[in-house]
Amino acid sequence: MTSCSSPAGCSGQGSTRVNDTQASKAAQHPCYSISGHHRFARMHLAVAPACNLQCNYCNRKYDCSNESRPGVVSELLLPEQAVAKARQVAAAIPQLSVVGIAGPGDPLANIGRTFQTLELLRQQLPDLKLCLSTNGLMLPSVIDRLVDVGVDHVTVTLNALDPAIAEQIYAWLWFDGERYTGRSAAQLLIERQAEGIRKLTEKGILVKINSVLIPGINDQHLLAVSQQIKQWGAFLHNIMPLISRPEHGTVFGLNGQPEPEADQTAAIRQACGSSMPQMMHCQQCRADAIGMLGEDRNAAFPLSAVPVTPPAYLPIMHQRAQLHASIVSQGESEEADACLVAVASGDGQVIDRHFGHTDRFTLYSLSAAGVVQVGQRFTPRYCHSPQECEPQDAGQDMDALLALLADVQAVFCARIGLTPWKRLEAAGIEPQINGAWQPIEAVLLQWWQQRKAVTGEMTARGVA
Ligand SMILES: C[S@@+](CC[C@H](N)C(=O)[O-])C[C@H]1O[C@@H](n2cnc3c(N)ncnc32)[C@H](O)[C@@H]1O
Ligand code: SF4
Ligand code: SF4
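Since this is a predicted model, take the numbers as computed values, not measurements.

K.L.:
Kindly report on the domain arrangement of the protein, identifying the contributing residues and their values.
P.N.:
One can read the domain layout of the protein as domain 1 (20–305) and domain 2 (313–460). Here the C-alpha centroids of domain 1 and domain 2 sit 33 Å apart. Counting residues at the interface gives 21 residues for domain 1, matched by 20 residues for domain 2. For the pair domain 1 and domain 2, the two sides together bury roughly 1700 Å², of which 53% comes from carbon and sulfur. Of all residues in domain 1, Gln28, Pro126 and Asp127 bury the most surface against domain 2, accounting for 31% of the area lost on that side. One can count 1 salt bridge joining domain 1 with domain 2. Between domain 1 and domain 2 we count 6 residue pairs in polar contact (both at pLDDT 80 or more) in total. Going through the elements one at a time, helix H1 (20–27), helix H2 (79–92), strand S3 (96–101) and helix H3 (111–124) are the ones with two or more residues in the side of domain 1 that touches domain 2. Of all the elements, H2 adds the most residues to the side of domain 1 that touches domain 2, at 3 residues. By residue class, the composition of the side of domain 1 that touches domain 2 is 9 nonpolar, 7 polar and 5 charged.

K.L.:
Which residues make up the nonpolar core, and what are the values?
P.N.:
Of all hydrophobic cores here, the largest spans 100 residues; its most connected members are Leu118, Leu146, Val154, Leu200, Phe355, Leu405 and Val411. Here this core gets 8 residues from one element, more than from any other, and that element is helix H6 (residues 182–202). Shared between two domains, this core holds at least three residues of each, these being domain 1 (20–305) and domain 2 (313–460).

K.L.:
Break down the sheet that holds strand S11 (residues 339–343) for me, with residues and values.
P.N.:
The 5 strands lie next to each other as S13-S12-S11-S14-S15, forming an open sheet whose pairing is mixed. Edge positions in the sheet fall to strand S13 (370–378) and strand S15 (430–432), since each of these pairs with one other strand and no more. Adjacent strand axes in the sheet meet at a mean angle of 25 degrees, parallel and antiparallel pairs treated alike. Taken together, the 8 bridges between strand S12 (residues 360–367) and S13 define a ladder with antiparallel strand orientation. Within the sheet, the bridge partner assigned to Leu366 lies in S13 and is Val371.

What counts, and at which threshold
- All residue numbers here refer to positions counted from 1 along the written sequence of the relevant chain.
- Here the convention is simple: chains get letters from A, ligands get numbers from 1, in the order in which they are written.
- Confidence filtering applies because this is a predicted model: local features only for residues at pLDDT of at least 70, side-chain atom pairs given and counted only at 80 or more, and all residues used for totals across whole chains, interfaces and linings.
- Only hydrogens and water are removed before side-chain values are computed, so all heavy atoms of the structure are retained for them.
- Residue ranges assigned to each domain were obtained from an automatic or database domain assignment.
- Working rule for contacts: check all heavy atoms of both residues, and any pair within 4.5 Å makes them a contact.
- Put simply, buried area is the surface a 1.4 Å probe can reach on two separate parts but cannot reach once they are joined, added for both.
- The term salt bridge refers to a side-chain nitrogen of Lys or Arg lying within 4 Å of a carboxyl oxygen of Asp or Glu.
- Here a polar contact is recorded for every N or O atom pair within 3.5 Å, except that within protein the pair must consist of a potential hydrogen donor and a potential acceptor, and residues adjacent in sequence are included only if both atoms are side-chain atoms.
- Helix and strand assignments follow DSSP, with helices taken as H or I runs no shorter than four residues and strands as E runs no shorter than two, numbered in order from the N terminus.
- As a working rule, the residues Ala, Val, Leu, Ile, Met, Phe, Trp, Tyr, Cys and Pro are called nonpolar, Asp, Glu, Lys and Arg charged, and the rest polar, with Gly in that last group.
- Buried Ala, Val, Leu, Ile, Met, Phe, Trp, Tyr and Cys residues form a nonpolar core when they are joined through side-chain atoms within 4.5 Å.
- Type-normalised accessible area, obtained with a 1.4 Å probe on protein chains alone, sets the label of each residue: buried when under 20%, exposed when over 50%, and partly exposed for intermediate values.
- Two strands pair under a simple rule: DSSP has to find at least two bridges between them.
- Angles run from 0 to 180 degrees between N-to-C directions of axes, and those axes are lines fitted to C-alpha atoms, restricted for helices to the stretch in contact.

Now the structure itself:
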């Protein structure tokens, strides 16, 4: 399996070692992986207008289709509109791998709209990575919901650990129906951010920390931030230069707070790189950006042009899986005997899930490039308890599951009932339980070598 020791080449002498599961999760996220950013696309859904915090560098009232900076959008979307648009974009941009919510306000200050969007995305686009960007104030309250809906990348903006510094950055916040200002607001925010980040990393969610570099306020403090987030298990640090123009109408812009020079940003990133891998390729995107990083195709997808009846998704998903398999295995998966297989695993290391109980399958491409993870697909669950593992009537949900997996050649799981076993075989998909409780990579490699040997023998004997 492809492995790396830092977030795919991001700068950082003191890179924490990254395990295979983390590396595979990051590889297809254009922000979390430097090698992924030329090859995979992202889409931000602007469903979250409100915020529970006021940063002195942010003004979301400013809306301009030509301007590219965080917090700016052309159109706000309702959850259903956002998901319809995501389906349209998924059909038009096959490199799409991630759909995220990054504002224009804070996703967790709009909890109803945010989770409705995430749940609809999970149901209708079961293979796309879900991502979220938040100030962290409400994080501790929603960790389990994020895990349940399958969000596995979260960005938290953490500008300071010291309340004396933080109170210069934030004007006020709302929490539990109360307004906080000054030191007490700063203290509360930092406590909630710390708790949220620790809980996310404990759950195995990849956490990226954004820190806005504000000269004269937190520039000397970001090394301490980098060191602390490493302790908390964050994956990547993204130091973003402050954007502070008077015409944006922010407190900092109007007060003449200077933006950092490029060499100051570079020097601070380099210093922080001794603690944490640094993101160097952030484009400080709009909250409705679409496409590869550095490009924004949002203008090509106005809400007025979103089809009322979106195209059927599964054929689009199957085609995209072939493309992504070819990208992650550097074209090797296009060879004749390359194939896609699905694995039921909870921890991404061992085949440990029952076919009928797993909430997701991990897809692997087997080719000359070896065993390479291609992504995940969330299941429409058809069996909800061990007593139900042999459904008398393998009906709708089993049909949906077979449609989800129609492009794979084998399914590896720890256990499977007789009825689904037969249904898989009838659909031309090989059920495999021989690798139960064993490491995924070794099992897949062995299966693939045996398969190649059999295919080679048949070819030699002239069997079609
Ligand atoms: C618009 S926010 C939306 C998500 C969430 N509310 C947050 O603050 O993390 C996305 C990112 O843009 C950053 N940002 C907003 N205004 C900025 C500015 N004027 N200069 C630099 N970064 C900015 C935020 O700090 C955050 O990391
Ligand atoms: S938390 Fe995010 S959306 Fe809210 S004011 Fe700060 S930057 Fe803007
Ligand atoms: S703002 Fe930076 S981290 Fe966020 S999507 Fe754009 S490139 Fe990625």
